[in-house]
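# An overview of the molecular structure
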Amino acid sequence: MTNTSTIARGGGRSSTPRRPNSHRPAKASGLPNWSVPYVLLIPGLLVIAALLLYPLIQVGIIAFQKVGLVQISGRKPATWVGWENFTKIFDNEIFWSALRNTVVFAVLAVTLTLVVGTAVGVLLNKLGKKMSTLVVVGIMFAWAVPPVAQGIIWKWLFDAEAGVINWALNLLPDWLSNLLFGRADWTGEPWLNEAWSIYMVLIICVVWASFPFVAVSVLAGLKGVPAELYEAARVDGSGAWRTFRQITFPLLKPVFAVLTVLSIIWDFKVFSQLYVLMGGPAVREAFNLSIYSYAEAFRPPPKMGSGAAIALVLTVILLIVTAVYVRQLVKQEEM
Amino acid sequence: MSPLARKRLGKVALNTTGLLVFLFAIFPVYWMASTAFKANDQIFTTEFIPFPTHFTFEHLDRVLSEGVAGHSIWLYMRNSAIVALGTVLIGAVFSLLAATAVARFRFKGRNSFLILLLIVQMIPAEALLIPLFLSVKRLGLYDQLLGLIVVNVGLTLPFGIWMLRTFVAAVPKSLEEAAWIDGAGRFTTFWKVLFPLVAPGLVATSIFSFITAWNELIFALVLMSDSSGYTMPVALQYFFGQKGTDWGAIMASSTMMTIPVVVFFLLVQRRMVSGLVAGAVKG
């Protein structure tokens, strides 16, 4: 995404390497100079080709085949079925609810992560040294928790019987709880049985775990902004919001661009946390495309063909979203 | 209100907000760890018990001796460690070679390679899951940790190269040129000059790959069927299959899984941010 300028800049820097090479006789390694980078790249290229590119082509092929138990065991070759896998999943309402869940979740989670993360980043920049170190260490813990453990923790916090959240909601005065939610007693409220509440917990869980990265990155960016700019804005009587919009945001735009793309990629295919919160692919209405693809392909009876078709849809969406976004950025200004 | 009082009030508000952020971030982690050491009567209660006053090691003891799905949790920790370390060792060599090529040489196809690196990072692992499962099965690597290592190398390598190349590029070229002129061979220059200077970056990149492989769930779920080959993320799913979730044991196990990652995170925190963001922005 950013590498048009990368290369230009890198290119400027390294117009020299030929010189040291030229006044030195060919070395004992016996490789001609031009071939060295290619030799260095061979292992990496092989890995990328075999483990990423080849399977990507394969998934495109499998999406048009029927691959069930017999085919997996190799007793029968896979048979071509044309667009059948796609027409079947498009006829299935689970696919559409999974698509909706994927998109709505990604939009909400990415937005919230960026907003909360940026706010905390700006806050960190304003705090004193001791306080900001304390907060950074704290959010580092949230960031470090493995995705599976994240799911487990929030499942526990939202547990129906012994969860802290239901306990906290019961603390609310009854009139307030009635006014806000139309009920006063939260004991035994199951949060993880229905799609909407599973996703609410999932959003909280994912934002909790991913805002620290945004905050620390924004903080790193803010450290590079000259203090005089803020001084000048203050003298001119600029408020906090205006300062952010007119100074901080434009200067940190490249950082935000990267953070947005990364968040989109991460949140579009959230798997571990959702898998844990649901307790495996259990609640069909709460599937997203990742879980749906997994369930089709690996839950008996295995339907690898339609699993591949769903995975392909997810990949295409992901590529379109990032391509559109990256193009927009490149159009706006060369990064 | 006097300006001084207002300033002081603003400071108090800032610090209070900071404290709230700290609590929001740390409380769930604390809650996991504290539940792991609470006796069952303090876990299964509608009361809020902030500290384990009936402190106990029984859950930790149980997952270590009785274990989960028929094996001690140590076995799953070991499996996870083997997979993550194997991934890191292979990945470190491959990414160092490729990163050196990209950061130190201009050659035809360099730009294409960089673009390729970016594109393959966008491929969702879910898209690779089905074909890689079939390939691993065909190659006889199903149910073997080696299969999982190979897959994880593929998943972590593009980012590893991408991150490491900034570290290689940051080493001043003049050092190598000096060694070069003194008559050092290509390999000596690499090993004696470049490698020691890139080593910290290599450690940071490796830790990143380690964490990715350590946390990986979906491939481990699909490629391992025998419980003796489970990694931690898969083993943890097992608790939810049973009736009446054993929260004490779950929290003891997930705390064990979390500790190495937290330690690594605190070690490389600063480099990680610069690698992720600056690496992508500045090139």
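Residues numbered from 1 in each chain as written. Chains lettered and ligands numbered in written order. Predicted model: local features only at pLDDT ≥ 70, side-chain atom pairs only at ≥ 80, totals over all residues.

This paragraph deals with the overall build of chain A. Scanning chain A from N- to C-terminus turns up 17 helices and 2 strands. Within chain A, the proportion of its 335 residues that are buried is 38%. Intrachain contacts of chain A at a sequence separation of at least 6 include 69% that bridge at least 24 residues. (Helix = DSSP H or I, 4+ residues; strand = E, 2+ residues; numbered from the N terminus. Buried ≥ 20, exposed ≤ 12 C-beta atoms within 10 Å, placed from the backbone. Contact = placed C-beta atoms within 7 Å.)

With that settled, the discussion passes to the overall build of chain B. Looking only at helices and strands, chain B has 12 helices and 0 strands in total. N-terminal to C-terminal, the α/β element order of chain B is α-α-α-α-α-α-α-α-α-α-α-α. By the compact-globule yardstick of 19 Å for 283 residues, chain B is too spread out, its C-alpha radius of gyration being 24 Å. Over its C-alpha atoms, taken along the principal directions, chain B stretches across nearly 75 × 70 × 35 Å. A buried classification covers 46% of the 283 residues belonging to chain B. The long-range share in chain B, meaning contacts at least 24 apart out of those at least 6 apart in sequence, stands at 74%. (Rg over C-alpha atoms; globule rule 2.2 N^0.38 Å.)

Time to look at the environment of Leu-141 of chain B. All names here are of chain B. With respect to the helices, strands and loops of the structure, Leu-141 is situated in the loop between α6 (125-138) and α7 (145-170). In this structure Leu-141 comes out as partly exposed when scored by C-beta crowding, with 17 C-beta atoms within 10 Å. Apart from residues no more than four positions distant in its own chain, Leu-141 is found in contact with Val-136, Leu-146, Gly-147 and Val-150.

Moving on to the packing of helix α7 (residues 129-144) of chain A against helix α1 (residues 3-36) of chain B. α1 of chain B packs onto α7 of chain A with a crossing angle of 25° between their chain directions and a minimal axis gap of 8 Å. Comparing the axis directions of α7 of chain A and α1 of chain B gives the class roughly parallel. As for the relative orientation of α7 of chain A and α1 of chain B, their crossing is left-handed in sense. Residue-level contacts link Met-131, Leu-134, Val-135, Gly-138, Ile-139, Phe-141 and Ala-142 of chain A of α7 of chain A to Asn-15, Gly-18, Val-21, Phe-22, Ala-25, Ile-26 and Val-29 of chain B of α1 of chain B. Of the residues contributing to the contact of α7 of chain A with α1 of chain B, the split by class is 11 nonpolar, 3 polar and no charged. (Axes fitted to C-alpha atoms, helices over the stretch in contact; angles between N-to-C directions. Parallel < 35°, antiparallel > 145°, perpendicular 65-115°, else oblique. Left-handed = near helix turned anticlockwise from the far one by under 90°. Nonpolar A, V, L, I, M, F, W, Y, C, P; charged D, E, K, R; others polar.)

Counting residues at the interface gives 80 residues for chain B, matched by 90 residues for chain A. Sort the elements by how many residues they give to the side of chain B that touches chain A and helix α12 (residues 247-281) of chain B lands first, with 14 residues. In terms of residue class, the side of chain B that touches chain A is made up of 58 nonpolar, 17 polar and 5 charged.

Residues and elements named next belong to chain B. Structurally, Met-163 can be placed in helix α7. Assessed through the 25 C-beta atoms surrounding it within 10 Å, Met-163 is described here as buried. Taking C-alpha positions, Met-163 is 24 Å from Phe-219, a pair spaced 56 residues apart along the chain.

Here we take up the packing of α7 of chain B against helix α9 (residues 186-215) of chain B. All names here are of chain B. Orientation of α7 relative to α9, taken along the N-to-C sense of each, is 155°, at an axis distance of 9 Å. Comparing their axes, α9 and α7 come out roughly antiparallel. Helix-helix and strand crossings are classified by hand; for α7 and α9 the assignment is right-handed. Across from Asn-152, Leu-155, Thr-156, Gly-160, Met-163, Leu-164, Phe-167 and Val-168 in α7, the residues of α9 making contact are Val-198, Gly-201, Leu-202, Thr-205, Phe-208, Ser-209, Thr-212 and Ala-213.

Residue and element names in this part refer to chain B. What the domain assignment reports for chain B is domain 1 (3-56) and domain 2 (71-281). Once you take the C-alpha centre of each, domain 1 and domain 2 turn out to be 34 Å apart. Listing elements by their share of the side of domain 1 that touches domain 2, those giving two or more residues are α1 and α2 (40-43). It is α1 that contributes the most residues to the side of domain 1 that touches domain 2, 4 residues altogether. In terms of residue class, the side of domain 1 that touches domain 2 is built from 4 nonpolar, 2 polar and 1 charged. (Domains from an automatic or database assignment.)

So, on to the confidence of the model for chain B. All names here are of chain B. Confidence along chain B averages 88 in pLDDT terms, with 94% of residues attaining 70 or more. Per-residue pLDDT stays below 50 along residues 278-283; that stretch engages in 15 contacts with residues further than four places along the chain or on separate chains. Overall fold confidence (pTM) sits at 0.88, and the ipTM for the predicted complex is 0.89. (pLDDT = per-residue confidence, 0-100.)

In this section: helix α14 (residues 253-268) of chain A. The first and last C-alpha atoms of α14 of chain A sit 22 Å apart over 16 residues, in line with the 22 Å expected at 1.5 Å per residue. Of the positions making up α14 of chain A, those classed as buried are Val-255, Ala-257, Val-258, Leu-259, Val-261, Leu-262, Ser-263, Asp-267 and Phe-268 of chain A. (Expected span 1.5 Å × (residues − 1).)

On to unusual backbone geometry, then. Note the cis peptide between Pro-300 of chain A and Pro-301 of chain A, where omega equals -5°. Within the secondary structure, Pro-301 of chain A sits in the loop between α16 (289-298) and α17 (304-332). One non-glycine residue with positive phi stands out, namely Ala-69 of chain B, at about 50°. A residue is classified by how many C-beta atoms lie within 10 Å of it, and Ala-69 of chain B, with 16 of them, is partly exposed. With a phi angle near 65°, Asp-143 of chain B is a residue other than glycine that sits in the positive phi range. Checked against the element boundaries, Asp-143 of chain B lands in the loop between α6 and α7. Judged by the 15 C-beta atoms lying within 10 Å of it, Asp-143 of chain B falls in the partly exposed class.

Bringing the environment of Phe-107 of chain B into the picture now. Structurally, the position occupied by Phe-107 of chain B is in the loop between α4 (73-104) and α5 (110-122). Discounting residues that sit within four places of it in the chain, Phe-107 of chain B has contacts with Pro-37 and Tyr-38 of chain A.

Detailed reading of predicted coordinates is not advised where the pLDDT is low. Residues and elements named next belong to chain A. For chain A, mean pLDDT is 85; residues scoring 70 or higher make up 88% of the total. Between the elements of chain A, mean pLDDT differs from a low of 38, seen in helix α1 (residues 3-13), to a high of 96, seen in helix α8 (residues 147-157). Confidence drops under pLDDT 50 across residues 1-28; counting only partners more than four residues distant or on other chains, this segment forms 29 contacts.

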